[in-house]
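Coordinate analysis (summary)
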Amino acid sequence: MDQAPPDAAAPAAVHAEGIVKRFGPTVALDGVRLTVRPGESHALVGRNGAGKSTLVSVLTGLHRPDAGQVSFGGEPAPAFGDTTAWQSKVACVYQKSMVVPDLTVAENLFLNNYGLGGSGAGGRFISWRGLRERARELLSGYGVDVDPNVRAKDLPVEQRQFVEIARALSFGARLIILDEPTAQLDARGIQRLFGKLRELQDQGVAFLFISHHLQEVYELCTAVTVYRDARHVLTAQVADLSKADLVTAMTGESSGKAAWHAAGTKERDTTAEPVLRTEGLTLEGEFEPLDLAVRPGEVLGVAGAAASGATALGEILAGMRKPSGGSVSMHGTKVKPGSVPHALDAGIGYIPEDRHLQGLVLERSVAENATLTVTDQLGPWGTVLPSRTREFARTMIASLDIKTQGPEQPVSGLSGGNQQKVVVARALARKPSALVALRPTAGVDIKSKDSLLGVVRTVADQGSAAVIISDELDDLRVCDRVLALFHGRVVATFGSGWTDQELVAAMEGVGERE
Ligand SMILES: Nc1ncnc2c1ncn2[C@@H]1O[C@H](COP(=O)(O)OP(=O)(O)OP(=O)(O)O)[C@@H](O)[C@H]1O
């Protein structure tokens, strides 16, 4: 941490005090506070459901708090509903893009703000050339090297985030909230993002950083605030707080060492017939022909960063995409390619990466979502008995530690990490013979991560096969064997006992090991 210390005398970039927010019977925030100083990079951490996203909604004017005050730069927050005024104070870069995919970078930068880009005619006439020039100036002013003529949808995630940050700064905001900004970035992308954030901090921009990756908190942030069960627990300088103390503050328990369910805990029959097999499986432009064999009791890891082809592999195994060649078989029988129902019938359970697009029906209850794939087992002759659905959901809620008011609560009212657990519950509901998980712990807190990966390990120990596709080292630690994919090619194979450095190097295409 080599940044200059934030100016303690200057008014806080944001100060929130006594914030209370209720959703029906749920108290999401119970009198919490937060202060972020100019030029500071401040982490907000806590377990799933602790109240982080709710605070972000309050700080960005999306939710009106039931009690408490917010100020920016020493001035009271704008009136509720005055969107333009809020935009001039604060912006949040979400995992989900806020830019309009079909518009160019320049258009996105000056969306609702054309006067700035044009001739100053108050937005009545748009000077496209002026717009582009102004966009170029603005981006280079913040040191962002992105072509303003490119459509937003063609930008890599990292550059899209830069554009969103530049856009917020152009509205006058001096506080940027980053909600899990590294979720879709590879190691180099993360370093570039962090480099950019440090530069902006030196110019006095303040960041509130929300992440479940504690090592990123230690790398980037100067201060940290912990919420637990809707309450403020601690604010400290990162340098003064050990990781163990931070985890204790988050969980309320003395942490000890996380009990990772290590690979190879049980003797396996290495001659058993594979449950899941691929032969010459390939998707042109994504990955080269791949022969995989996953035996009962085995967890196979496929390690690969964004452009490795790993995601496409997972989607093909789940029947969501068609391969351009080769086959997938279950217990020796070929599975019809590109068909989710056939994959399900063959016994393949799938935990998708994006819970919103592929996982959940948000307005339906936890119970309904958790049982979507097993409605045929919930009552006689195709009926669905609500009592059985609820009972099933209760078991899942308990075993996965899902924080919810109960099985009847709509999934839209759950925190992000708890929604992800419902997706996992749904995949497990059918008791799959092969479980395919794509970055299963994205957005899940450190303690839940442990129990979730433990569930995958248990499913395998009970005789199923499991494939975990991820670039998260913690996800891969439960695996018995890990293949590293780089640009669509297996570049290394690891048994247990790999080091973080070796695996990262292989995923980045700079280390080879057979
Ligand atoms: N719209 C809503 N309706 C009902 N309850 C809600 C709503 N939004 C949030 N909650 C509840 O408020 C609590 C805090 O949720 P919040 O999303 O702020 O947690 P979080 O700390 O961001 O969690 P995560 O790390 O999982 O994203 C949770 O119990 C959640 O179920």
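Residues numbered from 1 in each chain as written. Predicted model: local features only at pLDDT ≥ 70, side-chain atom pairs only at ≥ 80, totals over all residues.

1. Let's talk about the sheet that holds strand β11 (residues 276-283)
Pairing is antiparallel across the open sheet formed by 4 strands, whose spatial order is β12-β11-β14-β15. Each of the sheet's edge strands pairs with one partner strand only, and the pair in question is β12 (287-294) and β15 (333-334). Examined bridge by bridge, strand β14 (residues 325-330) and β15 share 2 bridges and lie antiparallel to one another. Across the sheet, residue M330 finds its bridge partner in β15, namely T333. Across the sheet, helix α10 (residues 310-317) lies against β11, β12 and β14, angled at about 125 degrees from β11, the strand it touches most. (Pairing = 2+ DSSP bridges. Helix = DSSP H or I, 4+ residues; strand = E, 2+ residues; numbered from the N terminus. Contact = placed C-beta atoms within 7 Å. Axes fitted to C-alpha atoms, helices over the stretch in contact; angles between N-to-C directions.)

2. Some points on the packing of helix α6 (residues 157-170) against helix α7 (residues 187-202)
The interhelical angle for the contact between α6 and α7, taken along N-to-C directions, is 15 degrees, at an axis separation of 10 Å. Classed by the angle they form, the pair α6 and α7 counts as roughly parallel. Seen along the crossing, α6 lies across α7 with a hand that is right-handed. Within the contact between the two elements, α6 uses E158, Q161 and F162 and α7 uses G189, R192, L193 and K196. (Parallel < 35°, antiparallel > 145°, perpendicular 65-115°, else oblique. Left-handed = near helix turned anticlockwise from the far one by under 90°.)

3. Side note on the nonpolar core
A303, V456 and A484 are the most contacted members of the largest nonpolar core, which has 78 residues in total. Considering every element that reaches this core, the biggest residue donor is helix α15 (residues 416-429), with 7 residues. Residues within four places of V456 in sequence aside, it is in contact with V299, L435, A437, P440, A466, I468 and V478. The next biggest cluster of nonpolar side chains, apart from the first, holds 71 residues, and it includes L55, V105, A168 and L208. (Core = buried A, V, L, I, M, F, W, Y, C linked by C-beta atoms within 7 Å. Buried ≥ 20, exposed ≤ 12 C-beta atoms within 10 Å, placed from the backbone.)

4. Some words on the site of the ligand
F23, S53, G413, S415 and G417 are the nearest of the 19 residues found near the ligand. Residues of the shell around the ligand, tallied by class, amount to 4 nonpolar, 12 polar and 3 charged. (Near = placed C-beta within 6 Å. Nonpolar A, V, L, I, M, F, W, Y, C, P; charged D, E, K, R; others polar.)

5. Focus: the sheet that holds strand β3 (residues 41-45)
Spatially, β6-β7-β8-β3-β9-β10 is the arrangement adopted by the 6 strands of the open sheet, whose pairing is mixed. Looking along the sheet, the strands with just one partner apiece sit at the ends: β6 (90-93) and β10 (231-237). When strand polarity is set aside, the average angle formed by the axes of neighbouring strands in this sheet is 20 degrees. Across 5 bridges, strand β7 (residues 175-179) lies against strand β8 (residues 206-210) in parallel orientation. Of the residues in β8, the one forming a bridge with L178 is F209. The strands touched by helix α1 (residues 52-59) are β3, β6, β7, β8 and β9 (223-228); relative to β7, the strand with the most contacts, the crossing angle is about 150 degrees. Sitting on the sheet, helix α9 (residues 243-251) touches β3, β9 and β10, and the angle it makes with β9 is about 30 degrees.

6. Details of the domain arrangement of the chain
Assigned domains of the chain: these are domain 1 (23-97 + 175-251) and domain 2 (276-507). Centre-to-centre separation of domain 1 and domain 2, based on C-alpha positions: 30 Å. The interface of domain 1 with domain 2 comprises 16 residues on the first partner and 18 residues on the second. Within the side of domain 1 that touches domain 2, the residues separate by chemical class into 6 nonpolar, 7 polar and 3 charged. (Domains from an automatic or database assignment.)

7. Comments concerning the packing of α15 against helix α16 (residues 446-461)
As a packed pair, α15 and α16 sit with axes 12 Å apart at the nearest point and diverge in direction by 5 degrees. Relative to α16, the element α15 is oriented roughly parallel. Where α15 approaches α16, its residues G417, K421, V424 and L428 are matched on the opposing element by S448, L452, V455 and V459. Residue composition of the contact of α15 with α16, grouped by class: 5 nonpolar, 2 polar and 1 charged.

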